[in-house]
Amino acid sequence: MRTAAPRIATLAGKPKPLPSANPAAQADGWPDIDGRRRMAQVGPSIRLRAMTQALAELTPAGWLERLAQLAVRHGVHLSTLQQRDGRDLELVFASATLHLPADRLLDERSVNEVLKGFLAGAGVMLATDHVELRRWMVDTGFMRRSDFGTDYRRGTFPEWLSAAAGQLNAAQIARAVREARAAHDAQREARRQAWLASQIQVTEEVQPEDDADVTFMRPALDQAHNAWALAEVPVGAVVVRDGQVIATGFNQPVGNSDPTAHAEIQAMRAAAELLGNYRLSHCELYVTLEPCAMCAGAMQHARIKRLVYGAADPKTGACGSVVDLFAEPRLNHHATVDGGVRAEECGMLLSDFFASRR
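Everything numeric here is computed off the predicted structure, so don't read it as measured data.

What to know about the sheet that holds strand β3 (residues 106-107)
Thought 1: Spatially, β3-β5-β4 is the arrangement adopted by the three strands of the open sheet, whose pairing is antiparallel. Of all strands in the sheet, those bounded by a partner on one side alone are β3 and β4 (143-145).
Thought 2: In terms of strand pairing, β4 meets strand β5 (residues 151-154) through three bridges, oriented antiparallel. Each bridged residue has a counterpart across the sheet, and for Arg144 the counterpart in β5 is Arg153.

Quick notes on unusual backbone geometry
Thought 1: Phi at Arg303 takes a positive value of approximately 65°, unusual for a residue other than glycine.
Thought 2: Looking at the secondary structure, you find Arg303 in the loop between α10 (293-302) and β9 (306-311).
Thought 3: A positive phi angle, close to 55°, is found at Arg342, a residue other than glycine.
Thought 4: Relative to the helices and strands, Arg342 resides in the loop between β10 (336-339) and α11 (343-356).
Thought 5: Assessed through its relative accessible area of 15%, Arg342 is described here as buried.

Some thoughts on the pairing of strand β7 (residues 244-250)
Thought 1: Note: strand β6 (residues 236-241) against β7, six bridges, orientation antiparallel. Following the sheet pairing, Ala237 is matched in β7 by Gly249.
Thought 2: If you look at the hairpin formed by β6 and β7, you'll find two residues sitting between the two strands, and Asp242 has a positive phi there, around 55°.

Considering the sheet that holds β6
Thought 1: Pairing is mixed in the open sheet, where five strands are placed in the order β7-β6-β8-β9-β10. The open sheet is flanked by β7 and β10, the only strands paired with a single partner. Going across the sheet, the axis of each strand differs from the next one's by a mean of 15°, ignoring polarity.
Thought 2: Bridge count between strand β8 (residues 283-289) and β9: five bridges; the pairing is parallel. Within β9, the position partnered with Tyr286 by the bridge is Val308.

How each quantity is defined
- Residues numbered from 1 in each chain as written.
- Predicted model: local features only at pLDDT ≥ 70, side-chain atom pairs only at ≥ 80, totals over all residues.
- Heavy atoms only, no water.
- Pairing = 2+ DSSP bridges.
- Helix = DSSP H or I, 4+ residues; strand = E, 2+ residues; numbered from the N terminus.
- Buried < 20%, exposed > 50% of the residue type's maximum accessible area, 1.4 Å probe, protein only.
- Axes fitted to C-alpha atoms, helices over the stretch in contact; angles between N-to-C directions.

Right under this line is the structure:
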């Protein structure tokens, strides 16, 4: 009896072709062998291997090095890898393929468990699930599926990865990713600690006694550092009454699962609880970033006497950058607003935070 050959499943839709590239070494980490980066299409199936003939074989060390570079990213979509450089997508699929047994069939449930393990380890940088990954791997030939769709086995590696695949295994792949992410996290933490140490030195500087705004913005910055330590956007605030800080707050919407937990709101809540009054009419509020419309509205309800902020916010600022709620004549309370106090320092803190997360 003749047995039908395994069939490759297809995905709906056509992938976008890859852009052409300069023959020089690419900034993404891959050497461009002949100045071309393209993806061939055969019907609706995704095909990545037309460029294989133009690529030099990758060594095992090169495989692990490039995978380590990809591993430090977060939330990488398969379609993004496909559009930017099909070689990265092939490398990821080949790494997943090495997690499959080379000499036996697996049912769908077993394959799913293998791919779940890959996504929890070596493929942790990917923004996908085991079902989508399995479909892409079948479509590109890295995994073969039987005619009845019940059994799966290892597919074939492209020529440029074939030799290295024979010298690597799943444990080596997982270890390379784990070590790369650990080193990356350690570097980020070292940069964060160095930054915090430099700010502690600034905190200990003697501030001019005749510049109260500069003085009170300092503890607001300290509160912003607390936010950073909890992986929140570093914005801090303090409430001052009669020349004394009576309440503090920092950004905590993520940790508190509370979209209203901005630094200003946190500080005003603490001040209102301390004073036993939701009206803060004799208080000043210092915050490191120009308040948004929500916080500006809360200050008006609380009757804050004066607002002092550090860096302007060109995207959501409600003190003149986008809108100016405190200058709106139809509103019945108008606090005095002064901005730009320690603006460079406040803005740099935010810039460094977002740079460290890229």
